[in-house]
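Residues per chain are reported as follows:
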Amino acid sequence: MKIYFAPLEGITNHIFRNTYNEIYGHIDKYFAPFISPSGKCPITPRERKDITPENNQGINLVPQILTCRSDCFIEAARDLHEMGYSEINLNLGCPSGTVCAKGKGAGFLPETLALQKFLDDIYSYAESDNMKISVKTRLGYFNPDEFYDLVDIFNSFPIHELIVHPRIRSDFYKGEPRKEYFAYALEHSKCPLVYNGNIFTCKDYDELLSTFKSDPDPIMSGRGLISDPSLAEKLKGVTTKTDFMKFRKFHDTLYHEYQNIMSPDINVLYKMRELWSYWQTLFEGKDKDIKRMLKAKKYEEYDEYASRILTDL
Ligand SMILES: Cc1cc2nc3c(=O)[nH]c(=O)nc-3n(C[C@H](O)[C@H](O)[C@H](O)COP(=O)(O)O)c2cc1C
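Definitions and limits used
- Residues numbered from 1 in each chain as written.
- Predicted model: local features only at pLDDT ≥ 70, side-chain atom pairs only at ≥ 80, totals over all residues.
- Heavy atoms only, no water.
- Helix = DSSP H or I, 4+ residues; strand = E, 2+ residues; numbered from the N terminus.
- Rg over C-alpha atoms; globule rule 2.2 N^0.38 Å.
- Contact = heavy atoms within 4.5 Å.
- Domains from an automatic or database assignment.
- Buried area = accessible area lost by both parts, 1.4 Å probe.
- Salt bridge = Lys/Arg side-chain N within 4 Å of Asp/Glu carboxyl O.
- Nonpolar A, V, L, I, M, F, W, Y, C, P; charged D, E, K, R; others polar.
- Near = heavy atom within 4 Å.
- Polar contact = N/O pair within 3.5 Å; in protein donor to acceptor, adjacent residues only side chain to side chain.
- Areas by Shrake-Rupley, 256 points an atom, 1.4 Å probe, with all protein chains shown as cover.
- Pairing = 2+ DSSP bridges.
- Axes fitted to C-alpha atoms, helices over the stretch in contact; angles between N-to-C directions.
- Buried < 20%, exposed > 50% of the residue type's maximum accessible area, 1.4 Å probe, protein only.
- Expected span 1.5 Å × (residues − 1).

### Section: the overall build of the protein
The number of helices and strands found in the protein is 14 helices and nine strands. Against the globule reference of 20 Å for 313 residues, the protein gives a C-alpha radius of gyration of 20 Å, in line with a compact fold. Projected onto its principal axes, the C-alpha coordinates of the protein cover approximately 55 × 45 × 35 Å. When contacts within the protein are restricted to residue pairs at least 6 apart in sequence, long-range pairs at least 24 apart make up 73% of them.

Here's what the structure looks like:
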């Protein structure tokens, strides 16, 4: 079974990926949060720093592009090819209001004619540069039944992998994924499929196995792997339990890595707060200490509560 780490903008950056890969591993591919090329600049210095192979050693990384302009996509793709990448991903799933208003991400899905032209252009480019392009999509923008036409469109392109997050734009990341539409894709898609959405536990994965006629493999997880970093090990049968010593090492490494590159204290603490919003579920009964820790404005306060939470396990 293959497991892909989903991109989460603001969280799964190169610091997070390197730390995760060193301490946990068992991830077959990491997808980088999107880069959004504009006519003026295909890849900003900040985006470049995150995806440069130098900062992602030993990691099987797939950069992701978010755009509805094929010229911008191709310019960024050429740049990524020069950096050494032979596989990139197109984002057709981002539900954010500002992104969709510009016809990008999930906002590109209803524009089926423009989408076909865009895919024509980028797959012609892909052939010339020997580049593999995968697609990460939702079911549709307004209605999940848009997916039937989208599958027909995707079937006419050499999509390296089609990652399906079975929700529509207005679902954002809430509610049950509409798994019956992934079942439809399993029967009708010519592209290799990857399932993505709400895999938080081994039980969630087992439920997927019993839902579909054929096993979904690979699968992609984002919030599940962040919330329980040992999920990949558990899904692959390497372990059955969460190892809290390992978790502590993961926490401490991330915390120190962020301290090395960010200041003042509060900026690092904002980063940690975001991570703890996922980790809280691992620490039942420690809500009060976590709440106090999340209010910390200085390292000393944070350290006091963090060590209380992380040592007494
Ligand atoms: C905070 C946040 C940031 C995200 N950023 C990206 C992104 O940059 N590119 C992308 O394709 N998906 C992005 N996603 C969507 C995730 O990759 C994934 O599809 C979604 O969380 C559902 O999978 P999960 O239930 O395994 O987390 C983001 C989701 C969240 C919650």
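Alright, that's what it looks like, and here's the rest.
### A look at the domain arrangement of the protein
One frequent convention defines the size of an interface as the accessible area lost when the parts assemble. On domain assignment, one finds that the protein holds domain 1 (3–235) and domain 2 (244–310). Between domain 1 and domain 2, the C-alpha centre-to-centre distance is 29 Å. Counting residues at the interface gives 16 residues for domain 1 and 16 residues for domain 2. In total, about 1,500 Å² of surface goes out of reach between domain 1 and domain 2, with carbon and sulfur atoms giving 69% of it. When the buried surface of domain 1 facing domain 2 is broken down by residue, Ile 15, Ile 23 and Ser 227 rank first, second and third, together holding 33% of it. Counting across the interface, domain 1 meets domain 2 through one salt bridge. For Glu 233, the salt bridge goes to Lys 246, with nearest N and O atoms at 2.5 Å. At the level of secondary structure, the elements contributing two or more residues to the side of domain 1 that touches domain 2 comprise α1 (14–23) and α9 (223–227). Of all the elements, α1 adds the most residues to the side of domain 1 that touches domain 2, at five residues. Of the residues contributing to the side of domain 1 that touches domain 2, the split by class is nine nonpolar, four polar and three charged.

### Focus: the site of the ligand
Around the ligand sit 17 residues in total, of which Pro 7, Gln 64, Asn 196, Asn 198 and Arg 223 are the nearest. Backbone polar atom of Glu 9 to a nitrogen atom of the ligand: 2.9 Å apart, as the coordinates give it. Lys 136 places a polar side-chain atom, nitrogen or oxygen, 2.8 Å from an oxygen atom of the ligand. Here the ligand, which alone exposes 620 Å², has 89% of that area covered by the protein.

### Section: the sheet that holds strand β4 (residues 64–65)
In space, the nine strands of this open sheet follow the order β3-β2-β1-β9-β8-β7-β6-β5-β4, with parallel pairing throughout. Each edge of the sheet is formed by a strand with only one pairing partner; in this case those strands are β3 (61–62) and β4. The strands touched by helix α7 (residues 179–188) within the sheet are β7 (162–164) and β8 (193–196), with β8 carrying the most contacts at an inclination of about 175 degrees.

### Remarks on the side chain of Asn 56
Looking at where Asn 56 falls in the secondary structure, it is placed in the loop between α2 (45–51) and β3. There is a polar contact of 2.9 Å between the side chain of Asn 56 and the backbone oxygen of Asp 50. Setting aside chain neighbours within four positions, we find Asn 56 in contact with His 14, Arg 17, Asn 18, Asp 50, Ile 51, Leu 61 and Tyr 85.

### Looking at the pattern of salt bridges
Applying the stated criterion across every chain, the model contains 17 salt bridges. With a closest N to O distance of 3.0 Å, Asp 171 and Arg 178 form a salt bridge. Under the relative-accessibility criterion, Arg 178 is labelled partly exposed at 24%. Ionic pairing is found between Glu 187 and Lys 213, a salt bridge with its closest N-O pair at 3.2 Å. Of this pair, Glu 187 sits in helix α7 while Lys 213 sits in the loop between α8 (202–211) and β9 (219–221), and the two are 26 residues apart along the sequence. For Lys 213, a relative accessible area of 80% puts it in the exposed group.

### Concerning helix α3 (residues 70–83)
Residues spaced three or four apart along an α-helix face the same direction, because each turn holds 3.6 residues. Helix length check: α3 (14 residues) gives 20 Å between terminal C-alpha atoms against 20 Å at 1.5 Å per residue, within 8%. Turning to α3, the residues buried within the fold contact α2, β4, β5 (87–92), α5 (112–129) and β6 (132–137).

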